[in-house]
Amino acid sequence: MSAALIERLVEFAESGNQQKIIIKNTRYQGWIMEITEDALLISTGFADKSGKDFWLKFTDLAAAQLYYWDNHVDEWVLFNISP
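My aim in this report is to walk through the structure given alongside it, one point at a time. In every chain, residue numbers begin from 1 and rise along the written sequence. In keeping with the predicted nature of the model, local features appear solely for residues at pLDDT of at least 70, side-chain atom pairs appear and are counted solely at 80 or more, and the whole-chain, interface and lining totals rest on all residues. Hydrogens and water are ignored here; the side-chain numbers use all heavy atoms of the structure.

**Here's the deal with helix α1 (residues 3-14)**
- Taking 1.5 Å per residue, twelve residues should reach 16 Å; α1 reaches 17 Å between its end C-alpha atoms and fits that length.
- Two residues form a contact once any of their heavy atoms are found within 4.5 Å. Helix and strand labels come from DSSP, where a helix needs a run of H or I of at least four residues and a strand needs a run of E of at least two; each type is numbered from the N terminus. Packed against the buried residues of α1 are β1 (19-23), β2 (26-35), β3 (39-44), α2 (58-61), β5 (65-70) and β6 (75-79).
- Of the residues flanking the end of α1, it is Gly 16, one or two places downstream, whose phi is positive at about 65°. Working rule for helices: expected span equals 1.5 Å times residues minus one.

Dropping the structure here:
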């Protein structure tokens, strides 16, 4: 995958307190834990009791909506994957 896309995903992972990714009406909300050359790992849930980890491929992110929680305004903010 392109270095520019990986840089944008790192920026997304560092934005806000949490991240939310919606792909085909499925919502993944939590924290980005790892980014590889073709996928990212998002950890959902709280305190390892109800959480699960999901690998999401970059190809699936092309049709996804990405949000991060902005503590300054206390709301989800849309993140544009394209620079």
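**So, the nonpolar core**
- Among the nonpolar cores identified, the biggest contains 16 residues, and Ile 21, Leu 40, Leu 56 and Leu 61 are the most heavily contacted of them.
- If you list the elements that add at least two residues to this core, you get α1, β1, β2, β3, α2 and β5.
- At three residues, α1 tops the list of elements feeding residues into this core. Among the buried residues, those of types Ala, Val, Leu, Ile, Met, Phe, Trp, Tyr and Cys that are joined through side-chain atoms within 4.5 Å form a nonpolar core. Exposure classes here rest on a 1.4 Å probe applied to the protein chains alone. A residue is buried below 20% of its type maximum, exposed above 50%, and partly exposed in between.

**Looking at the sheet that holds β2**
- In short, DSSP must find at least two bridges between two strands for them to pair. Judged by pairing direction, the sheet is antiparallel, and its six strands sit side by side in the order β4-β3-β2-β1-β5-β6 without closing on themselves. Each edge of the open sheet carries a strand with a single partner, namely β4 (53-57) and β6. In this sheet, neighbouring strand axes are inclined to one another by 40° on average, regardless of whether the strands run parallel or antiparallel.
- One ladder, built from five bridges, connects β2 with β3; its direction is antiparallel. Note that in β3 the partner of Trp 31 across the bridge is Ser 43. Every angle, taken between N-to-C directions, lies between 0 and 180 degrees, and every axis is a line fitted to C-alpha atoms, over only the stretch in contact when it is a helix.

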